[in-house]
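# Inside the fold
Now for the letters of each chain:
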Amino acid sequence: MLVVVAGPSGVGKGTVHTELRRRLPDAVLSVSATTRPARPGEVDGVHYRFVDRTTFEGMVADGDLLEWAEYAGNLYGTPRAPAAEAVARGEVVLLDIEVQGALQVKAADPDALLVFLQPPSFEELERRLRGRGTEDGATIARRLEVALDELAGAGAFDLEVVNDDLDRCVDELLDAIAVARRAATDDVAF
Ligand code: ADP
Ligand code: 5GP
């Protein structure tokens, strides 16, 4: 089944996904396509598939993406085929995507579990984003502005989980995944 963990930049999605994969052996992380330039240390095909805008638009036109969205000036999307193949094998496919994309996933696959990761506070979100040190000041300001909109959309998700203590947060997610998995059908709906 598909499991989306969305939430504002800096809330801890990447950290939570790493921990989920460690504790859930049959979980795989979907590798998104993006037009964003790679950060130092990011590897093409591992963290993202880095493509130019023309290539991305071709993927959209060909129906190769399960969902896609523009976020802070760049395009991001989930390749459909690898996700569908993993779901067909009975694996849990984790999607680290933003809010608009999450809602598209639910529309494509009603069995998908949509989780919104909440920061303990907006101040802590800003602290984490700055503390990560991967974006310049202007980019951080833009991401915090987008975060306000994203936080307003949390009510559309199946579940909201606060990422205060990482272990507690992941425990809660694993419980929710186990319940949703029992209810999900084996069909690949997308
Ligand atoms: P996202 O993928 O949502 O942008 P990251 O996983 O990169 O966020 O996390 C942003 C920063 O917050 C990182 O420096 C990470 O180590 C830190 N972080 C993540 N989860 C927690 C937590 N539960 N408590 C404290 N710091 C956290
Ligand atoms: P970043 O640039 O920090 O890697 O990601 C920026 C935002 O884009 C994050 O909220 C991340 O979850 C989201 N994102 C990453 N991949 C995808 C994707 O395939 N689709 C959508 N809709 N959002 C994505």
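Here's a quick rundown of the structure. Please read these numbers as outputs of a predicted model, since none were measured by experiment.

## Focus: the pattern of salt bridges
- Counted under the stated rule, the structure contains 16 salt bridges.
- Here D26 and R181 are joined by a salt bridge, their closest N and O atoms 2.6 Å apart. Residue D26 is found in the loop between α1 (13–23) and β2 (27–29), and its partner R181 is found in helix α7 (residues 166–183); the two are separated by 155 residues along the sequence.
- Accessibility expressed as a relative area gives 30% for D26, which makes it partly exposed.
- Residue R181 is classed as partly exposed on the basis of its relative accessible area, which comes to 29%.
- The structure contains a network of salt bridges with shared partners spanning R36, R39, E42, R132, E135 and R143.

## Some thoughts on the site of ligand 2
- What surrounds ligand 2 is a group of 16 residues, the closest being S32, R36, Y48, Y76 and E98.
- Within the backbone of I97, a nitrogen or oxygen atom sits 3.4 Å from an oxygen atom of ligand 2.
- Taken together, the residues of the shell around ligand 2 sort by class into five nonpolar, four polar and seven charged.

## A short note on the sheet that holds strand β3 (residues 33–34)
- One open sheet holds the four strands; their spatial order is β4-β3-β6-β5, and the pairing between them is mixed. At either margin of the open sheet sits one strand with a lone partner, and together these are β4 (49–50) and β5 (65–71).
- Pairing of β3 with strand β6 (residues 74–79) involves two bridges; the strand directions are antiparallel. Counted as the bridge partner of A33 is G77 from β6.

## Comments concerning the packing of α1 against α7
- One way to put it is that α1 packs onto α7 with a least axis distance of 10 Å and a crossing angle of 60°. Taken together, α1 and α7 sit at an angle that is classed as oblique. Crossing of α1 over α7 shows right-handed handedness. Listed contacts from α7 to T15, V16, E19, L20 and R23 of α1 are L166, D167, C169, V170, D171, L173, L174 and I177.

## Digging into helix α6 (residues 137–152)
- With 16 residues, α6 ought to run about 22 Å at 1.5 Å a step, and its terminal C-alpha atoms sit 23 Å apart, in line with that.
- Looking at α6, one finds that the buried residues are I140, R143, L144, A147 and E150.
- For α6, the elements touching its buried residues are β5, β6, α4 (99–108), β8 (113–118) and α5 (122–132).

So, how was this worked out
- Residues numbered from 1 in each chain as written.
- Chains lettered and ligands numbered in written order.
- Predicted model: local features only at pLDDT ≥ 70, side-chain atom pairs only at ≥ 80, totals over all residues.
- Heavy atoms only, no water.
- Salt bridge = Lys/Arg side-chain N within 4 Å of Asp/Glu carboxyl O.
- Helix = DSSP H or I, 4+ residues; strand = E, 2+ residues; numbered from the N terminus.
- Buried < 20%, exposed > 50% of the residue type's maximum accessible area, 1.4 Å probe, protein only.
- Near = heavy atom within 4 Å.
- Polar contact = N/O pair within 3.5 Å; in protein donor to acceptor, adjacent residues only side chain to side chain.
- Nonpolar A, V, L, I, M, F, W, Y, C, P; charged D, E, K, R; others polar.
- Pairing = 2+ DSSP bridges.
- Axes fitted to C-alpha atoms, helices over the stretch in contact; angles between N-to-C directions.
- Parallel < 35°, antiparallel > 145°, perpendicular 65-115°, else oblique.
- Left-handed = near helix turned anticlockwise from the far one by under 90°.
- Contact = heavy atoms within 4.5 Å.
- Expected span 1.5 Å × (residues − 1).

Coordinates in, geometry out; function isn't part of it.
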